Structure formats: C-alpha cells, structure tokens
Amino acid sequence: MSAPAKALAVPDDAAAAEAAAEGSTRLFTITELAAEFDITPRAIRFYEDMGLLSPAREGRNRVYTHRDRTRLKLTLRGKRLGLSLQEIKQLVDMYDAAGADTAPQLKAFLEVLAQHRRQLEQQLEDIEVTLEEIAQHEERCRALLALR
C-alpha cells in the first residue's frame, strides 16, 4: 500500500505508540490541538459542526480525547489530499467502526483516491492545452510586434 493511502486509512505507528504511552486517557484542549496542527480553534469547531469531532465538556471547556486528536489528524491529511469533508467523514467513520479489519476502509479509500487521480489528470491535461494556447498567442503577438 502506498504511503499516502496508509496515511489516511490508519493512524501512523508514532501516533499509536504515543497513545499507548499516554494510556489514551490524556485530554487535549482546543488550544493545544490548534497549536499542534497549526490551525485555528474556529477550524476545529467547524470540524465539530461537520461531525468529524465530538469533544466532551469540562465545565465550559471542550476537551478532546486521543480519538478526537487522531480523527483531526486524519481529517487534515484528507484535506491535503484534496478530499471533501464528506469523503473524509465517511473514511474516518469507517476507521472507527473497522476495528482490526480495515479492508473495507482501504478499498473505499482506494476508490476515492482513484477518482481524485482521474480528476487531477484531467485538470493537468486542461492546463497543458491552455498553456499551449497561451504560447501560440504569445508567439503571434511577438510576430505582430516585430512587423511594426
């Protein structure tokens, strides 16, 4: 399996080791997660609104479990790959439900990646055609200027 596919499909070994070392009981504040992932607290609240995170409350403060932290990490990886929040949510929810059998999630992830690859390849082809047209127009403009 390629590194990007594994990156979203399952948490990395370092995250798993960290969770085990902390006993998976450590709680994180919104400020801590925002700083760790270099995002705003508002972005984290947005991901909550989209159902990607579900923090508990301690008084008026949100507290995030290691599960929430992992889901946020996977969400951000999915965004970097160009996935929609709906696609990310589907994959992350499958990860939560999968337990030891991640095959269904991996198959779904491969299909999403294939779809995005096709889309990007089409965009690349469109860009190449446009660049060729620009080059032709530039050449024509230069030729017309040379006649003056």
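The rules behind the values
Residues numbered from 1 in each chain as written. Predicted model: local features only at pLDDT ≥ 70, side-chain atom pairs only at ≥ 80, totals over all residues. Heavy atoms only, no water. Core = buried A, V, L, I, M, F, W, Y, C linked by side-chain atoms within 4.5 Å. Buried < 20%, exposed > 50% of the residue type's maximum accessible area, 1.4 Å probe, protein only. Contact = heavy atoms within 4.5 Å. pLDDT = per-residue confidence, 0-100. Phe/Tyr/Trp six-rings, centres within 6.5 Å; stacked < 30°, edge-to-face > 60°. Helix = DSSP H or I, 4+ residues; strand = E, 2+ residues; numbered from the N terminus. Axes fitted to C-alpha atoms, helices over the stretch in contact; angles between N-to-C directions. Parallel < 35°, antiparallel > 145°, perpendicular 65-115°, else oblique. Nonpolar A, V, L, I, M, F, W, Y, C, P; charged D, E, K, R; others polar.

## Brief notes about the nonpolar core
- Counting 20 residues, the largest nonpolar core has Leu 33, Ile 44, Tyr 47, Tyr 64 and Leu 72 as the members making the most contacts within it.
- In contact with Tyr 47, not counting residues within four places along its chain, are Leu 52, Leu 53, Leu 72, Thr 75, Leu 76, Lys 79 and Leu 85.

## Re the confidence of the model for the protein
- Mean pLDDT over the protein stands at 85; residues scoring 70 or higher make up 82%.
- Here residues 1-7 scores under 50 on pLDDT; set against residues more than four positions off or in separate chains, the count is nine contacts.

## Thoughts on the packing of aromatic side chains
- One pass over the structure, following the stated rule, counts one aromatic pair.
- With a centroid separation of 6.1 Å and 55° between ring planes, the pair formed by Phe 46 and Tyr 47 is classed as tilted.
- Residue classification places Phe 46 among the partly exposed residues on the basis of a relative accessible area of 41%.

## Here we look at the side chain of Asp 68
- Within the secondary structure layout, Asp 68 lies in helix H5 (residues 66-80).
- Those residues in contact with Asp 68 that lie beyond four places of it in its chain are Leu 53, Ser 54, Pro 55 and Val 63.

## Regarding the packing of helix H3 (residues 30-37) against helix H4 (residues 41-49)
- Where H3 meets H4, the closest approach of the two axes is 9 Å, and the angle between their N-to-C directions is 105°. The angle between H3 and H4 places the two elements in the roughly perpendicular class. Two secondary-structure elements touch here, H3 through Ile 30, Leu 33 and Ala 34 and H4 through Pro 41, Ile 44, Arg 45 and Glu 48.
- Looking at side-chain class alone, the contact of H3 with H4 contains five nonpolar, no polar and two charged residues.

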